[in-house]
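Here are the chains, one letter per residue:
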Amino acid sequence: MATLICLAMFMCNFLAAGPTIAIVETALDFFPPIAGPAGIPAAIAKTAYFFTSTALLQGTGNLFWMPLVNKYGRRPIYIASYTLYFGVALWLSFTKAYGSFLAARILMGFASGAAETMAPLSIADVFFLHERGAVMAMYTAALGCGVAGGIIIAGLITIHNTWRVIYYVGAALIGTLLILVIFTFPETSYIRDTTPISSGSETGISDEKTGTSVEFAENGSRTIPKRKTYLQELKLFSGTYTNESLLNLFLRPIALVVLPPVLWGSLVMSVTIGFLVAVTSNVAPAYSTAYGFVAWQTGLCFISAIIGSLIGIFAGGHLSDRVTDFFTKRNGGLREPEMRLPAIAISLITTPLGLILFGVGIQNKLHWICPTIGLGLLNFSIVQATNVSLVYTIDCYRPIAGEVTVTSMALKSCFGFLLSFYTNPWIDKVGYTNAYGTMAGISSAILLLAIPIYIFGKRIRHATWHWSVVKYVHWDEDREVGE
């Protein structure tokens, strides 16, 4: 299950980010009449819409997908979104008109982003609370490796092939993954029987939302359903999983942004992943200007990003779980979501350091390993900090984990979309050192907010839950999962 989820996450960003390494070649193909020395910047600016629009729809498109996921389950949406993703990849492989290509890239962002948001739900469905940090770190690393791996593979493809071959390879890989999803990925949603009973061997469980006590049987009083056969698991639809209206499911991700834990988690994702978008949108011309690198050489520099992401699995997953266990024992065995936050201290160092190394290295034309190490540190921080903050917000609001993830992804995508437009003009005006130095300061400020949230987080959660504007966030009893 975890392996398939990671493969799906890798492919979410493979075609979304990979072809950016060949943006110059793509621009020359679409705009040959104006692609002389003076016309290349204008051609690149128009070509950049292919990638910025995809990044925007990867996050905001989930405002449509997630209500359907919560209502009808994970499996049908996985299959539907990857079928659309595969079809769009084929479309991109053969279309040659600018308008058609742009429309296909927009649809690709809409299709590929669905799985990116569903994966945390599937992980929360299947894995226990004490396992969630490690598996979520693998998920986050797979997303980062999808960007880096896509850029590396795309760069190598362009050595002896045109940039369109990137889409041929991507379509083949997506088609293979779609077959795996259809035949090996089961429905992970499950309707739990929470009907109160009365017997002598009951255990009282406090309902945090209402303050009442509801009693559930420990064992022996419920009929355990028969395990489904393999063919039954292949059914596309298996019913509905909540009685909530689709309107409430659509409105909840929008209302969630006012909750401080969700807003902070979204900002952490924005200043890590969002600033990586700024880097990747400028990386090809940056390495070309500073070091004379061609596409495949620049792509190979992203090997450091993969290494950083893999190291981040331990720091953001196993280490954060151990930190949480340590503070849980000190608290008499009672676990609070805020006990995971001290682990984010590592990224408070690596995030600004990575951005400064990249900016200073390119600006002063230091050895190419300097900005390349910066890429590795930034990708490490994406896995480490994003995982800690996302698991924290999911633990805070576990029954609506999907909506929490959608809110974070949507804000991250909007932030990255704006950065992709303004990064190059910003750098042209103030230089790499000042631009990336400012990014480093912003990221440090956001990550430092973990301190007041660690101290006051529980009180903030309880106080904000009763705000009138948060009424759309409150969930029905059938969304409870027993955590």
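Up top is the structure.
Draft legend 1. Structural context of the overall build of the chain. Within the chain one finds 19 helices and 2 strands. Taking 483 residues into account, the globule formula puts the C-alpha radius of gyration at 23 Å, and the chain, at 23 Å, falls close to it. When the backbone C-alpha atoms are referred to their principal axes, the chain occupies close to 80 × 50 × 35 Å. By the burial criterion, 55% of the 483 residues in the chain qualify as buried. Across the chain, the fraction of contacts at a sequence separation of at least 24, relative to all contacts at a separation of at least 6, is 83%.

Draft legend 2. Inspection of helix H16 (residues 369-396) at higher detail. When the terminal C-alpha atoms of H16 are compared, their 40 Å separation across 28 residues agrees well with the 40 Å that a helix rising 1.5 Å per residue should span. Of all 28 residues making up H16, 26 are buried, and the element is well covered by its neighbours.

Draft legend 3. Broad picture of the packing of aromatic side chains. Taken as a whole and assessed by the stated rule, the structure comprises 30 aromatic pairs. Between Tyr 287 and Tyr 291, the aromatic rings sit 5.6 Å apart at their centres with planes inclined by 50°, giving tilted as the arrangement. Here Tyr 291 and Tyr 287 lie together in helix H12 (residues 260-291), a separation of 4 residues that amounts to about one turn.

Draft legend 4. Just helix H14 (residues 303-330), in detail. For H14, with 28 residues, the first-to-last C-alpha span of 40 Å sits near the 40 Å given by 1.5 Å per residue. Along H14, the sharpest change in direction is near 30° and occurs at Leu 319. Of the residues trailing H14, Gly 332 is marked for its positive phi of about 75°.

Draft legend 5. Structural detail: empty space enclosed by the protein. One pass over the structure, following the stated rule, counts 1 cavity of 30 Å³ or more. Taken as a whole, the largest cavity spans an internal volume of roughly 30 Å³. What lines the largest cavity is simply Val 279, Gly 354, Leu 355, Phe 358, Gly 374, Leu 375, Leu 378 and Tyr 436. Contributions of two or more residues to the lining of the largest cavity are made by helix H15 (345-363) and H16. Split into classes, the residues belonging to the lining of the largest cavity amount to 6 nonpolar, 2 polar and no charged.

Draft legend 6. Up close: the side chain of Glu 244. Structurally, Glu 244 can be placed in the loop between helix H10 (230-233) and helix H11 (246-255). For Glu 244, a relative accessible area of 1% translates into the label buried. There is a polar contact of 2.4 Å between the side chain of Glu 244 and the side chain of Arg 252.

Draft legend 7. Representation of the packing of helix H2 (residues 23-30) against helix H3 (residues 40-47) within the structure. Where H2 contacts H3, the axes come no closer than 9 Å and their chain directions differ by 100°. In this view, H2 runs roughly perpendicular relative to H3, as classed from their interaxial angle. From H2, Ile 23, Val 24, Thr 26, Ala 27 and Leu 28 reach across to H3, where they touch Ile 40, Ala 43, Ile 44 and Thr 47. Residue composition of the contact of H2 with H3, grouped by class: 7 nonpolar, 2 polar and no charged.

Draft legend 8. Expanded view of the nonpolar core. With 129 residues, the main nonpolar core has Met 9, Leu 15, Tyr 82, Tyr 139, Trp 264, Tyr 287 and Tyr 397 as its most contacted residues. When residues of this core are assigned to their parent elements, the largest contribution, 15 residues, is made by H12. Excluding residues that lie within four positions of it along the chain, Tyr 397 makes contacts with Leu 259, Pro 261, Val 262, Val 404, Arg 461, Trp 465 and Trp 475.

Draft legend 9. Structural context of the state of the cysteines. Evaluated as defined, the whole model comprises 0 disulfides. In this structure Cys 12 is not part of a disulfide, and its nearest cysteine sulfur, from Cys 6, lies 11 Å away. The exposure class of Cys 12 is buried, given its relative accessible area of 0%.

Draft legend 10. Region of the structure containing the packing of helix H17 (residues 401-430) against helix H18 (residues 432-448). Orientation of H17 relative to H18, taken along the N-to-C sense of each, is 125°, at an axis distance of 7 Å. Taken as axis vectors, H17 and H18 run oblique relative to one another. Between H17 and H18, the residues in contact are Thr 423, Trp 426, Ile 427 and Val 430 and Tyr 432, Asn 434, Ala 435, Tyr 436, Thr 438 and Met 439, respectively.

Draft legend 11. The arrangement of the pattern of salt bridges in detail. The full count for this structure, using the stated rule, is 11 salt bridges. The shortest N-O distance in the salt bridge between Asp 321 and Arg 340 comes to 2.9 Å. With Asp 321 in helix H14 and Arg 340 in the loop between H14 and H15, the pair connects residues that are 19 residues apart, well separated along the chain. Judged by relative accessible area, Asp 321 falls into the buried class, the value being 6%. Looking at Arg 340, the relative accessible area reads 1%, which means it is buried.

Draft legend 12. Layout of a nonpolar patch on the surface. A contiguous nonpolar patch, built from Leu 156, Ile 159, Val 294, Trp 296, Leu 300, Ile 303, Ile 307 and Ile 311 and spanning about 650 Å² of accessible area, is present on the exposed surface. Of all the secondary structure elements, the ones that give two or more residues to the nonpolar patch are helix H13 (295-300) and H14. The element best represented in the nonpolar patch is H14, accounting for 3 residues. Note on placement: Ile 159 falls in the loop between helix H8 (132-157) and helix H9 (164-184).

Parameters at a glance
Residues numbered from 1 in each chain as written. Predicted model: local features only at pLDDT ≥ 70, side-chain atom pairs only at ≥ 80, totals over all residues. Heavy atoms only, no water. Helix = DSSP H or I, 4+ residues; strand = E, 2+ residues; numbered from the N terminus. Rg over C-alpha atoms; globule rule 2.2 N^0.38 Å. Buried < 20%, exposed > 50% of the residue type's maximum accessible area, 1.4 Å probe, protein only. Contact = heavy atoms within 4.5 Å. Expected span 1.5 Å × (residues − 1). Phe/Tyr/Trp six-rings, centres within 6.5 Å; stacked < 30°, edge-to-face > 60°. Bend = angle between axes of the 7 residues up to and from the residue. 1 Å grid on protein atoms, 1.4 Å probe; cavity = no way out; pocket = protein on both sides within 12 Å on 5 of 7 lines; lining within 4 Å. Points joined across faces, edges and corners; volume = space filled by probe spheres on them. Nonpolar A, V, L, I, M, F, W, Y, C, P; charged D, E, K, R; others polar. Polar contact = N/O pair within 3.5 Å; in protein donor to acceptor, adjacent residues only side chain to side chain. Axes fitted to C-alpha atoms, helices over the stretch in contact; angles between N-to-C directions. Parallel < 35°, antiparallel > 145°, perpendicular 65-115°, else oblique. Core = buried A, V, L, I, M, F, W, Y, C linked by side-chain atoms within 4.5 Å. Disulfide = S-S within 2.5 Å. Salt bridge = Lys/Arg side-chain N within 4 Å of Asp/Glu carboxyl O. Patch = residues over 30% accessible without salt bridge, like charges linked within 9 Å, V, L, I, M, F, W, Y side chains within 5 Å. Areas by Shrake-Rupley, 256 points an atom, 1.4 Å probe, with all protein chains shown as cover.

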